[in-house]
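Chain residues, written in single-letter form:
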Amino acid sequence: MASLIGRYLRLQSLLIVVIAVVAIILAFPLLGLTITDVFSITTILIVVLALNFMAGYAGIPNFGMALFVYIGAFALAGVGTRIALALVEIASPGFIELMRSSYPVILGDSGSFEVFVRVAGDPMVNRIMSREVESVIEASPILSLTLTLAVFGFAMIAGALTGILASLAAVRLREDYLAIVLLAFSELMVSVVFDQTDALAGGPNGAWVVRPWLKINALEGLARLLGTIPDVLISLAVGLAVLAVCFIYVERIANSPMGRMLRAMRDDDLAIGVYGRDVAMTRLKIMAIGAAMASIAGAIHASVYILVKAADTYDRVTWTFIPWAMMILGGMANNWGAVLGGIAVYLGRKAIYYYSPTIASAISPILGIEASVAGDILRAQLPNILVGVLIILVLYLRPQGIIPEKPSRTLSKKDIEELT
Amino acid sequence: MPRGKVTLLIGPNGSGKTTLINVISGVLSPDGGSIIFEGEDITRLSPHERFKRGIVRSFQIPRLFQNLSVMENTIVGRDGNPGESVVRGLFKSLWVEFEKKAFSDTFGKLEFTGLKRLSERKPGELSGGQMKLLELSRTLMPLNPKLVLIDEPIAGVNPALAHEILASIKKVSAELNVTFLIVEHRLDIAVEYADYAYAMHLGRVIAAGEPRKVLEDPKVIESYLGV
Ligand SMILES: Nc1ncnc2c1ncn2[C@@H]1O[C@H](COP(=O)(O)OP(=O)(O)OP(=O)(O)O)[C@@H](O)[C@H]1O
Ligand SMILES: [Mg+2]
């Protein structure tokens with residue numbers, strides 16, 4: 001009986017996967033999907049997995065995801081550009097001097113320190129120099145690799161530290177207060193500190209990033225075939241690799257005694273404390289790991305979006321609320337669910353976006369407005385409205401999401417049978 | 001409290017028995033006074049630090065993990081699992097033996113409390129008495145407890161099983177030299193398993209000593225009659 005149910009469940013999840021794969025393949029021609037969409041799904045899935053790790057498993061209601069994603073983008077846009085300039089100056093001394101003489105009007109009387117501030121802080125200097133620096137980086141395997149490691153290392157550490165900082169004040173709080181503190185902290189950092197301080201990464205103007213990737217000519221043909229450029233393919237490959245590593249990590253932890261303990265902590269933190277678990281310390285670690293994952297996703301994302309602005313590119317709707325919707329739809333405390341929910345919500349939004357002109361021309365005569373105006377309104381508002389409606393519907397009708405939470409499978413069925 | 005013995009704590013409703021357990025286990029902090037455990041002042045320690053010193057407790061109103069199975073609720077009571085780490089959790093070989101032992105102990109406890117056939121269920125699907133039994137099963141899981149505080153273990157449990165539970169507690173206490181403090185209203189059943197007893201009224205201890213003597217103490221009888 002049990003094995004029959006087990007086989008049925010396995011068949012069911014196999015079916016879900018097959019349907020998902022077919023839907024995704026069909027989505028390309030039907031929704032006009034491009035490689036950029038695949039890339040976007042990849043980065044957002046890393047964020048959803050990180051969120052699910054923190055909120056779904058450990059019960060930390062992280063409404064500040066956008067900040068942790070932005071920290072990674074900042075690692076590239078604010079820190080990476082400066083590291084890149086330093087690397088180039090070390091590799092070929094006199095580079096900064098050369099820049100000064102090439103661009104006397106904007107750089108003429110800047111001291112070296114000032115150049116380092118302005119290379120990511122001043123829109124004009126940033127725009128010109130980031131391209132110049134990038135052309136040196138992309139030609140050298142050593143520089144390219146060093147920059148990649150530096151940027152991702154920084155993203156990971158800075159992300160983890162921000163996670164710890166955000167939770168230091170908050171981990172001892174009750175869940176609802178914790179959510180508000182994280183939301184407020186994220187808003188404060190992204191919309192006020194980063195978005196209003198030019199010297200960090202261009203403030204509201206944003207900053208152009210130096211892409212750390214090596215120029216690989218062999219990718220040209222493949223890129224053209226897929227309608228994109230080689231750099232995007234490299235970003236995508238790195239993104240997919242990181243996604244795979246993150247998935248394996250969270251899935252393994254979920255099916256270890258740690259995953260079980262996190263779920264228990266989420267359900268009743270007082271009871272798990274009475275049973276000897278240090279709740280504050282556990283939350284701190286989970287925040288650090290989840291935030292580091294989100295930051296790496298942010299760094300990968302920024303490597304394609306080139307010009308990144310804090311509050312504008314890393315807004316709370318895209319990077320906090322939509323990942324929450326994806327997680328809730330897919331099923332909290334279930335990693336496959338998170339992935340499925342992420343893909344479903346992304347494709348759903350894309351479909352609305354893609355078909356809104358058609359819908360608009362159908363409904364515009366009824367509403368008495370011009371089709372193009374109706375189309376713009378639909379495009380701008382409908383996807384977010386529907387995400388809101390979706391969250392409410394799922395919470396009412398199927399609060400456990402598409403794939404519900406399952407017990408942590410620490411031991412195999414065979415082991416358990418032997419023990420009973 | 002005599003070490004390695006079963007002590008009974010009685011008193012009318014609202015006399016402060018659960019409050020005392022909360023204060024000893026660190027769930028509540030006292031307004032005054034201090035808590036000394038094995039010569040150490042533990043008044044300022046958090047519940048998890050007190051657990052590490054060997055203080056285990058159960059809850060009068062079960063506090064179960066609602067989305068964990070009966071099996072998982074029980075096994076979580078086992079401390080010291082090397083797999084409960086964000087790094088070591090990744091490597092099954094580091095914790096699989098511990099986990100197997102914990103699994104078989106868990107099945108043993110669930111067998112004893114009659115919950116084994118329900119091990120895949122969620123706490124929400126259990127009856128009130130079964131929830132109490134699950135709470136008790138979890139309380140019996142920690143590896144090296146020194147002081148176990150159990151709040152009404154047999155409330156809502158049928159008499160035959162209630163006798164078995166108390167007998168088993170007495171046996172564990174004697175064999176492993178664990179001190180038990182048991183709060184119970186079912187004095188008829190509990191009294192024969194206790195070595196010592198305290199009676200509380202209005203937040204104070206009003207009698208202590210040999211269980212039957214405490215029960216017969218006029219002050220205790222008075223307090224129960226609500227004078
Ligand atoms: N020592 C005390 N100091 C202050 N308040 C107390 C004290 N003891 C008990 N109380 C108050 O009495 C209330 C009930 O106490 P408690 O829950 O400990 O009762 P109990 O003896 O466990 O009763 P029951 O048998 O009904 O479970 C507490 O919530 C608390 O407000
Ligand atoms: Mg009580």
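Computed from a predicted structure; not experimentally measured.

Engineer: Mind laying out the overall build of chain B, listing which residues take part and the relevant values?
Structural biologist: Looking only at helices and strands, one finds 9 helices and 8 strands in chain B. Computed over the C-alpha atoms, the radius of gyration of chain B is 18 Å, within 12% of the 17 Å expected from 2.2 N^0.38 for a compact globule of 227 residues. The principal-axis extents of the C-alpha atoms in chain B amount to approximately 60 × 40 × 30 Å. In chain B, which comprises 227 residues, the proportion classed as buried is 52%. Accessible surface, chain B: about 10500 Å² in total, of which carbon and sulfur atoms supply 53%. Charge centroids of chain B, computed over 29 positive and 27 negative side chains, lie 3 Å from each other.

Engineer: I'd like a description of the coordination of the magnesium ion (ligand 2), backed by residues and values.
Structural biologist: Ideal geometry at a metal centre: 109.5 degrees between donors when four sit tetrahedrally, and 90 or 180 degrees when six sit octahedrally. Residues and elements named next belong to chain B. At this site the magnesium ion (ligand 2) is bound by Thr18 (OG1) and Gln60 (OE1), with donor distances of 1.9 to 2.1 Å. On the criterion of sequence distance, the pair formed by Thr18 in helix α1 (residues 17-25) and Gln60 in the loop between β4 (55-57) and α3 (70-75) is long-range, its members being 42 residues apart. A relative accessible area of 32% places Gln60 in the partly exposed class.

Engineer: Which residues make up the confidence of the model for chain A, and what are the values?
Structural biologist: When pLDDT is averaged along chain A, the result is 85; 95% of the residues meet or exceed 70. Considering each helix and strand of chain A separately, the mean pLDDT is smallest for helix α1 (residues 2-31) of chain A, with a value of 70, and largest for helix α13 (residues 257-267) of chain A, with 97.

Engineer: Which residues make up the packing of helix α2 (residues 35-57) of chain A against α13(A), and what are the values?
Structural biologist: Relative orientation and spacing of two packed helices are given, respectively, by the angle between their axes and the distance between those axes. Residues and elements named next belong to chain A. Taken N-terminus to C-terminus, the directions of α2 and α13 make an angle of 55°; their axes are 8 Å apart at the nearest point. With respect to their mutual orientation, α2 and α13 come out oblique. Counted together, Phe53, Ala55, Gly56 and Tyr57 of α2 and Leu262, Arg263 and Arg266 of α13 form the full contact between these two elements.

Engineer: So what about the site of ligand 1? Which residues, and what values?
Structural biologist: All names here are of chain B. Taken together, Pro12, Asn13, Gly14, Ser15, Gly16, Lys17, Thr18, Thr19, Gln60, Glu152, His185 and Gly203 are the residues near ligand 1. At 2.6 Å from an oxygen atom of ligand 1 is found a side-chain nitrogen or oxygen belonging to Thr18. Note that an oxygen atom of ligand 1 is positioned 2.9 Å from one of the side-chain N or O atoms of Gln60. In isolation ligand 1 has 630 Å² of accessible area, and contact with the protein removes 54% of it. Here the residues of the shell around ligand 1 are counted per class, giving 1 nonpolar, 9 polar and 2 charged.

Engineer: An account of a nonpolar patch on the surface is needed here, citing residue identities and associated values.
Structural biologist: All names here are of chain A. Taken together, Leu14, Val18, Val22, Leu26, Leu30, Tyr354, Tyr355 and Ile359 make up a surface patch of nonpolar side chains, about 710 Å² in accessible area. Going through the elements one at a time, α1 and α18 (335-367) are the ones with two or more residues in the nonpolar patch. When residues in the nonpolar patch are grouped by element, the largest group, 5 residues, is from α1. In this fold, Tyr354 is placed in helix α18. The exposure class assigned to Tyr354 is partly exposed, which follows from its relative accessible area of 38%.

Engineer: Could you give an account of the side chain of A:Thr228, naming the residues involved and the relevant values?
Structural biologist: All names here are of chain A. Among the secondary structure elements, Thr228 is positioned in the loop between α11 (219-225) and α12 (230-254). Assessed through its relative accessible area of 17%, Thr228 is described here as buried. With sequence-adjacent residues up to four places away left out, Thr228 is seen in contact with Ile35, Ala223 and Leu233.

Engineer: Explain the interface of chain B and chain A to me, using residue names and the numbers behind them.
Structural biologist: With 39 residues of chain B at the interface, the matching set in chain A holds 36 residues. Between chain B and chain A lies a buried interface of about 3300 Å² when both sides are counted; carbon and sulfur atoms form 64% of it. For the pair chain B and chain A, the interface holds 5 salt bridges. The salt bridge partner of B:Lys100 is A:Asp415, with a shortest N-O separation of 4.0 Å.

Engineer: Summarise the sheet that holds strand β6 (residues 179-183) of chain B; cite the residues concerned and give the values.
Structural biologist: Residue and element names in this part refer to chain B. In space, the 6 strands of this open sheet follow the order β4-β5-β6-β1-β7-β8, with mixed pairing throughout. Each edge of the sheet is formed by a strand with only one pairing partner; in this case those strands are β4 and β8 (204-209). Between one strand axis and the next, the sheet turns through 20° on average, direction left out of account. Pairing analysis gives 4 bridges linking strand β1 (residues 6-10) to β6, with the strands arranged parallel. Its bridge partner lying in β6, Thr7 is registered against Leu181. Helix α6 (residues 159-176) rests against β1, β5 (147-151) and β6 of the sheet, and its axis sits at about 155° to β6.

Engineer: Please provide a residue-by-residue account of the environment of A:Ala299, values included.
Structural biologist: All names here are of chain A. Here Ala299 shows up in helix α15 (residues 279-305). Spatially, the C-alpha atoms of Ala299 and Ser235 are 9.8 Å apart, while their sequence positions differ by 64 residues. If sequence neighbours within four positions are ignored, Ala299 has contacts with Gly72, Ala73, Leu76, Phe152 and Ala155.

Engineer: Before we move on, can you summarise the packing of aromatic side chains with the specific residues and values?
Structural biologist: Two aromatic rings are characterised by how far apart their centres lie and by the angle between their planes. All names here are of chain A. Tallied over the full model, the rule gives 14 aromatic pairs over all chains. Judged by centre distance (6.2 Å) and plane angle (50°), the ring pair of Phe63 and Phe321 falls under tilted. Remark: Phe321 occurs in helix α17 (residues 316-330) and Phe63 occurs in the loop between α2 and α3 (65-91); sequence separation between them is 258 residues. Both rings, one in Tyr354 and one in Tyr355, keep their centres 5.3 Å apart while their planes meet at 85°; by these two values the pair is edge-to-face.

Engineer: Pulling in residues and values, what's your account of the packing of α12(A) against α18(A)?
Structural biologist: Residue and element names in this part refer to chain A. α18 packs onto α12 with a crossing angle of 140° between their chain directions and a minimal axis gap of 10 Å. Between α12 and α18, the angle falls in the class oblique. Taking contact as the criterion, the partners of Phe247, Val250, Glu251 and Ala254 in α12 are, on α18, Asn335, Trp336 and Val339. Taken together, the residues of the contact of α12 with α18 sort by class into 5 nonpolar, 1 polar and 1 charged.

Cut-off values and rules
Residues numbered from 1 in each chain as written. Chains lettered and ligands numbered in written order. Predicted model: local features only at pLDDT ≥ 70, side-chain atom pairs only at ≥ 80, totals over all residues. Heavy atoms only, no water. Helix = DSSP H or I, 4+ residues; strand = E, 2+ residues; numbered from the N terminus. Rg over C-alpha atoms; globule rule 2.2 N^0.38 Å. Buried < 20%, exposed > 50% of the residue type's maximum accessible area, 1.4 Å probe, protein only. Areas by Shrake-Rupley, 256 points an atom, 1.4 Å probe, with all protein chains shown as cover. Lys, Arg positive; Asp, Glu negative; His and termini not counted. Charge placed at Lys NZ, Arg CZ, Asp CG, Glu CD. Donors = N, O, S within 2.8 Å, 3.2 Å for Na, K, Ca; no water. pLDDT = per-residue confidence, 0-100. Axes fitted to C-alpha atoms, helices over the stretch in contact; angles between N-to-C directions. Parallel < 35°, antiparallel > 145°, perpendicular 65-115°, else oblique. Contact = heavy atoms within 4.5 Å. Near = heavy atom within 4 Å. Polar contact = N/O pair within 3.5 Å; in protein donor to acceptor, adjacent residues only side chain to side chain. Nonpolar A, V, L, I, M, F, W, Y, C, P; charged D, E, K, R; others polar. Patch = residues over 30% accessible without salt bridge, like charges linked within 9 Å, V, L, I, M, F, W, Y side chains within 5 Å. Salt bridge = Lys/Arg side-chain N within 4 Å of Asp/Glu carboxyl O. Buried area = accessible area lost by both parts, 1.4 Å probe. Pairing = 2+ DSSP bridges. Phe/Tyr/Trp six-rings, centres within 6.5 Å; stacked < 30°, edge-to-face > 60°.

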